[in-house]
Amino acid sequence: MCDQTFMAITFGPCDNCSTTSPLMNIYIKNEPTNYCSFCVEMMACQGLLKGETLASLKNESESLKKKLEEERAKLHDVELHQVAEKIEVVSALSIKTRRVLKGHGNKVLCMDWCKDKRRLVSSSQDGKVIVWDGFTLNKEHAVPMPCTWVMACAYAPSGCAIACGGLDNKCSVYPLSLDKNENLAAKKKSVAMHTNYLSGCTFTNSDMQILTSSGDGTCALWDVESGQLLQSFHGHTADVLSLDLAPSETGNTFVSGGCDKKANVWDMRSGQNVQSFETHESDINCVKYYPSGDAFASASDDATCRLYDLRADREVAVYQKDSIIFGVSSLDFSLSGRLLFGGYNDYTINIWDVLKGNRVSMLFGHENRVSTVKVSPDGTSVCSASWDNTLRIWA
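Bear in mind the structure is a predicted one, so any value in this text is a computation, not a measurement.

Trainee: Provide a residue-level description of the overall build of the protein, including the pertinent values.
Mentor: Assigned secondary structure in the protein consists of three helices and 31 strands. Computed over C-alpha atoms, the radius of gyration of the protein comes to 21 Å, within 12% of the 21 Å expected from 2.2 N^0.38 for 395 residues, which places it in the range of a compact globule. For the C-alpha atoms alone, the extent of the protein along its principal axes is close to 70 × 60 × 35 Å. Going through the 395 residues of the protein one by one, you find that 49% of them count as buried. Counting only contacts in the protein whose residues sit at least 6 apart along the sequence, the fraction spanning at least 24 positions is 44%.

Trainee: Describe in detail the pairing of strand β29 (residues 370-375), supporting the description with residues and values.
Mentor: Burial runs high along β29: five of the six residues are buried. Summarising the sheet, β29 and strand β30 (residues 382-386) pair through five bridges and their orientation is antiparallel. Considered in β30, the bridge of K374 is made with C383. In this antiparallel pair of consecutive strands, β29 and β30, the connection spans six residues, and G379 shows a positive phi of 75 degrees.

Trainee: I'd like to hear about the pairing of strand β7 (residues 128-133), residue by residue, with values.
Mentor: The side chains of a regular strand alternate between the sheet's two faces. Within β7, five of the six residues are buried, which leaves the element mostly enclosed by the surrounding structure. In the sheet, strand β6 (residues 119-124) pairs with β7 via five bridges, with the strands oriented antiparallel. Paired with S122 across the two strands is I130, which belongs to β7. The turn joining β6 and β7, which pair antiparallel and follow one another in sequence, is formed by three residues; a positive phi near 85 degrees is taken by G127.

Trainee: Kindly report on the nonpolar core, identifying the contributing residues and their values.
Mentor: Soluble globular proteins tend to pack their nonpolar side chains together in the buried interior. With 18 residues, the main nonpolar core has C305, L307, Y319, L331 and L340 as its most contacted residues. Only β22 (295-300), β23 (305-309), β24 (314-319), β25 (328-333) and β26 (339-344) provide two or more residues apiece to this core. Once you skip the residues sitting within four places of it in the chain, Y319 turns out to touch L80, A303, T304, C305, R306, L307, L340, W352, D353, V354 and G357. Ranked by size, the runner-up nonpolar core spans 16 residues in total, among them A154, A192, F203 and A220.

Basis of the calculations
Residues numbered from 1 in each chain as written. Predicted model: local features only at pLDDT ≥ 70, side-chain atom pairs only at ≥ 80, totals over all residues. Heavy atoms only, no water. Helix = DSSP H or I, 4+ residues; strand = E, 2+ residues; numbered from the N terminus. Rg over C-alpha atoms; globule rule 2.2 N^0.38 Å. Buried < 20%, exposed > 50% of the residue type's maximum accessible area, 1.4 Å probe, protein only. Contact = heavy atoms within 4.5 Å. Pairing = 2+ DSSP bridges. Core = buried A, V, L, I, M, F, W, Y, C linked by side-chain atoms within 4.5 Å.

In short, geometric facts, not functional conclusions.
Dropping the structure here:
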């Protein structure tokens, strides 16, 4: 994600040979281990059978991937836009800026709606997390963080707490109260700890568990009360930039996307990667489930959004235009799932018809790249956060 990705190389003694050198953080049976590159290669070679080499195993994995793609292609019968030909086109949209939230002193990196459809939380490069009243524009709480680049924030389902984190590698939970003079920082609870920056966080269907994604290439499920790691998810080979929980009540799956151009679907109970999609040509900045939970969309630096059907196990639509050359940083679906809102690095928000695949509208107003786009829980408005230090509510 170019200007927003950080390499945090650990320098110190290798856990295997004790040589002081740049270390790679790897996981063996869910235990984090710091090995130098030489020891990683030696370890990889130890398990080889007679006559096997790393090159031969790479070739074998590539041929298996090709066979999988061939099997998927056999089931590829019709395109989504062809099925949707007889459906009526979306009528002209009249969406305008209704509120502008000003208060951050630097790039706004993330925002999330409260379930009450009125309040929202935003985090910024200025090191502050602000809770807003979207109707009155009042700032209800402003929490200073111990670091700048607060890259992730989320509202708890009950609306009684917020979670946030960033370059401090932690996810912290702050309980909210009606007393605006209360010192929230004193009530802070550090829940999650990664070995690299925190890129995303979301509560599960209760306030008691939280999912996080990180630049260390992993996702993790934590118990909020005890701070205990419940499940870790290893499968990405680079920074994980985004995650989204399945919308079903028993949401036992989530999807993640990252710098390895992969979108992975995970089972939260087993920690297993159950589906993987790799059709983007650059970093995946954002992933979002379709409202029904049967599909998800991804946004990438390759200037495209893509829709993947989990039942068909393949990509079913690409949302792109030759005139769009800037990356997509964020996306979200309308409540019905018919519209897809994408926030772009050219300061615009493009609205796509999910079924027909064409762009139906563009929203202008921000003066720098759009970092987050989220539809309100009741579907009546959209909030966008931008590097121009503001948030805008569109309706």
